[in-house]
Amino acid sequence: ELTLPEGVRQIGKSAFKSCRALTKLTISGSDVKIGDGAFENCSSLISVNLPTGTESVGDKAFSGCVSLEDIALPGVKSIGKNAFFGCVSLRNLVLSERLQNISDGAFFGCVKLEKATLPSGITKIGTKAFSGCSALSEIIFSGSMQQWEKVEKADGWTDANIIVKTNEEQNE
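Just so it is clear, the structure is predicted and the values come from calculations on it, not from any experiment. (Residues numbered from 1 in each chain as written. Predicted model: local features only at pLDDT ≥ 70, side-chain atom pairs only at ≥ 80, totals over all residues. Heavy atoms only, no water.)

**As for unusual backbone geometry**
In this structure, Ser 14 is a non-glycine residue whose phi angle is positive, near 55°. Inspection of the secondary structure puts Ser 14 in the loop between strand 2 (10-11) and strand 3 (24-27). A relative accessible area of 32% means that Ser 14 is categorised as partly exposed. Of note, the phi angle at Asn 82 is positive, near 55°, even though the residue is not glycine. Topologically, Asn 82 is positioned in the loop between strand 8 (78-79) and strand 9 (92-95). On the basis of relative accessible area, Asn 82 is assigned to the partly exposed category, the value being 24%. (Helix = DSSP H or I, 4+ residues; strand = E, 2+ residues; numbered from the N terminus. Buried < 20%, exposed > 50% of the residue type's maximum accessible area, 1.4 Å probe, protein only.)

**Here's the deal with the side chain of Thr 158**
Within the secondary structure layout, Thr 158 lies in the loop between strand 14 (152-153) and strand 15 (163-166). With near-sequence residues (within four places) excluded, Thr 158 lies in contact with Phe 130 and Ser 131. (Contact = heavy atoms within 4.5 Å.)

**Structural notes on the sheet that holds strand 7 (residues 70-73)**
Read from one edge to the other, the open sheet built from five strands follows the order 1-3-5-7-9, with strand pairing classed as parallel. The open sheet has two edge strands with one neighbour each: strand 1 (2-4) and strand 9. Strand-to-strand twist of the sheet, defined as the mean angle between neighbouring strand axes without regard to direction, takes the value 10°. Inspection of the sheet shows strand 3 paired to strand 5 (residues 47-49) by three bridges, in the parallel sense. (Pairing = 2+ DSSP bridges. Axes fitted to C-alpha atoms, helices over the stretch in contact; angles between N-to-C directions.)

**What about the environment of Ile 27?**
Within the element layout of this structure, Ile 27 appears in strand 3. The sequence separation of Ile 27 and Lys 153 amounts to 126 residues, and the corresponding C-alpha distance is 31 Å.

**Considering the pattern of salt bridges**
Counted by the stated rule, this structure contains five salt bridges. Measuring nitrogen to oxygen at the nearest pair gives 3.8 Å for the salt bridge that ties Lys 77 to Glu 55. On the criterion of sequence distance, the pair formed by Lys 77 in the loop between strand 7 and strand 8 and Glu 55 in the loop between strand 5 and strand 6 (56-57) is long-range, its members being 22 residues apart. Lys 77 sits in the partly exposed class, given a relative accessible area of 33%. Arg 91 is paired through a salt bridge with Glu 114; the nearest N and O atoms lie 3.8 Å apart. Of this pair, Arg 91 sits in the loop between strand 8 and strand 9 while Glu 114 sits in the loop between strand 10 (101-102) and strand 11 (115-118), placing them 23 residues apart in sequence. Take Arg 91: its relative accessible area is 38%, and that puts it in the partly exposed class. The partly exposed category is assigned to Glu 114, whose relative accessible area is 46%. Through salt bridges that share partners, Glu 55, Lys 77 and Arg 98 make up one connected network. (Salt bridge = Lys/Arg side-chain N within 4 Å of Asp/Glu carboxyl O.)

Here's what the structure looks like:
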């Protein structure tokens, strides 16, 4: 178990890469940036608690964390390429209302992910961001259909069988 105290502003590139003993991560503080590959291949990591002030999650930051089940990303504005690639145990995902960008392959291969809710402020979703998420059947967009149509979505951002519903459709 690892708890990072207030005052930590950045977790460097590959800082805890392949730390197999790490099971739980809690970061206190604000304005935190998680570097590329910071927790890549931490195969025993089950849960992550990030502060509201987490700015960004870097490329491959949690890639290969095969035991990761739950993650909340409060405050995160940007999720890097392949950030959660191959997190095969990830079931629950809470995204920030501040989120603007989900990069290529961000959640690729998260086979147990069942539901994702995207905030109305999102502006871009990269290629294969949600591909290979075989349990994911529905994505909820917290904005209107008009807002959803303005989101820049790369070709192949998700598998064809996933249905996207807006808040308007949820409330009908």
